Amino acid sequence: MDKVGRYEFLAEPFHCDFSGRLFMGHLGNHMLNAADFHSSARGFGMKYLMTINRSWVLSRLAIEMEEMPQQYTKFNVETWVESAMRYFTSRNFSVIGEDGKTYGYGRSIWAMIDTESRQPTDIFSIDNGAINNWIVKDKECPIDKGGRVKMGDDAQLVRTIDTYYNDVDINGHINSVKYIEHVLDLWPLDWYRNHQIRRFEIAYVAEAHAGDQLSFYKEQTADNDYCIRIVRTDGTECCRSRVTFK
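Structure report, in brief. Every value quoted in this text rests on a predicted model; they were computed, and no experiment measured them.

### Quick word on the side chain of His195
Part 1 of the argument: Mapped onto the elements of the fold, His195 is located in the loop between helix 4 (189–194) and strand 7 (197–204).
Part 2 of the argument: Among the polar contacts made by the side chain of His195, one reaches the main-chain carbonyl oxygen of Trp191 at a distance of 2.9 Å.
Part 3 of the argument: Apart from the residues within four sequence positions on either side, His195 is in contact with Asn224, Phe245 and Lys246.

Below is the structure:
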């Protein structure tokens, strides 16, 4: 089995925005599905982990796109493990059209947790560290890894929302992709008529659950560059995001 997984998807019309391009949230979802297909086929996926009270949790995600696929376009998401440490693993993505055109790339960091204690657990304990057999060190992912999203004290509270059934994923907390959708909803429709998302990154800090209110604080840090902090009901910061437009 190849170390690099390649999975075909379709930009379904109801997964596309008013311009006929795939929503960033749906692209993120395809990347997470590709990650699960890849890891499951190689023995360290969610289906197996759930039987031993383990689960993968997304810690960071960065997506940088030259262009989003248009509706009805078939495209492939390639994914591979770049590195693995005891508590975290790095996984990369590329988005490639049927004609070989590269739409963009993604980088992600994952932790493995104990589903009962909710604490990080040793990745190498799974099948005697089998994940090491699938590491690819020589495949290029030419986008910035990103770092901590830095925000000052001047960030403005711009929205507070409630969370419900549709926000919750298989791990019982607010779905990683839902945060992406909620962040991108902070800009009005007219903004997207004149701006395209160049890069989206998000770092997850703490879990939120159904019933929590999420408050969004936004700060502009440069031209077409914004940082967002998301805080749950009890004041705990859940995640930070950075969006760069062009």
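Next comes the rest of the description.
### So, the sheet that holds strand 2 (residues 54–65)
Part 1 of the argument: Ordered by their spatial adjacency, ten strands build an open sheet running 1-3-4-5-2-7-10-9-8-6, and the pairing between neighbours is antiparallel. In the strand order of this sheet, the two ends are held by strand 1 (5–10) and strand 6 (156–162), each with one partner. For this sheet the average axis-to-axis angle between neighbouring strands, irrespective of direction, equals 25 degrees.
Part 2 of the argument: Sheet topology note: the strand 2/strand 7 ladder contains five bridges and is antiparallel. Note that in strand 7 the partner of Arg60 across the bridge is Ala203.
Part 3 of the argument: Contacts from helix 3 (residues 176–184) reach strand 2, strand 6, strand 7, strand 8 (213–222), strand 9 (225–231) and strand 10 (237–245) within the one sheet, and its direction differs from that of strand 7 by about 130 degrees.

### A look at the environment of Gly25
Part 1 of the argument: Residue placement: Gly25 occurs in helix 1 (residues 24–41).
Part 2 of the argument: Spatially, the C-alpha atoms of Gly25 and Lys178 are 7.5 Å apart, while their sequence positions differ by 153 residues.
Part 3 of the argument: Once residues within four sequence positions are removed from consideration, Gly25 is found in contact with Val177, Ile180 and Glu181.

### What to know about unusual backbone geometry
Part 1 of the argument: Although it is not a glycine, Asn53 adopts a positive phi angle of roughly 60 degrees.
Part 2 of the argument: Within the element layout of this structure, Asn53 appears in the loop between helix 2 (46–49) and strand 2.
Part 3 of the argument: Judged by relative accessible area, Asn53 falls into the partly exposed class, the value being 32%.
Part 4 of the argument: One non-glycine residue, Asn224, adopts positive backbone phi at about 60 degrees.
Part 5 of the argument: Considering the arrangement of structural elements, one finds Asn224 in the loop between strand 8 and strand 9.

What counts, and where the lines are drawn
- Residues numbered from 1 in each chain as written.
- Predicted model: local features only at pLDDT ≥ 70, side-chain atom pairs only at ≥ 80, totals over all residues.
- Heavy atoms only, no water.
- Helix = DSSP H or I, 4+ residues; strand = E, 2+ residues; numbered from the N terminus.
- Polar contact = N/O pair within 3.5 Å; in protein donor to acceptor, adjacent residues only side chain to side chain.
- Contact = heavy atoms within 4.5 Å.
- Pairing = 2+ DSSP bridges.
- Axes fitted to C-alpha atoms, helices over the stretch in contact; angles between N-to-C directions.
- Buried < 20%, exposed > 50% of the residue type's maximum accessible area, 1.4 Å probe, protein only.

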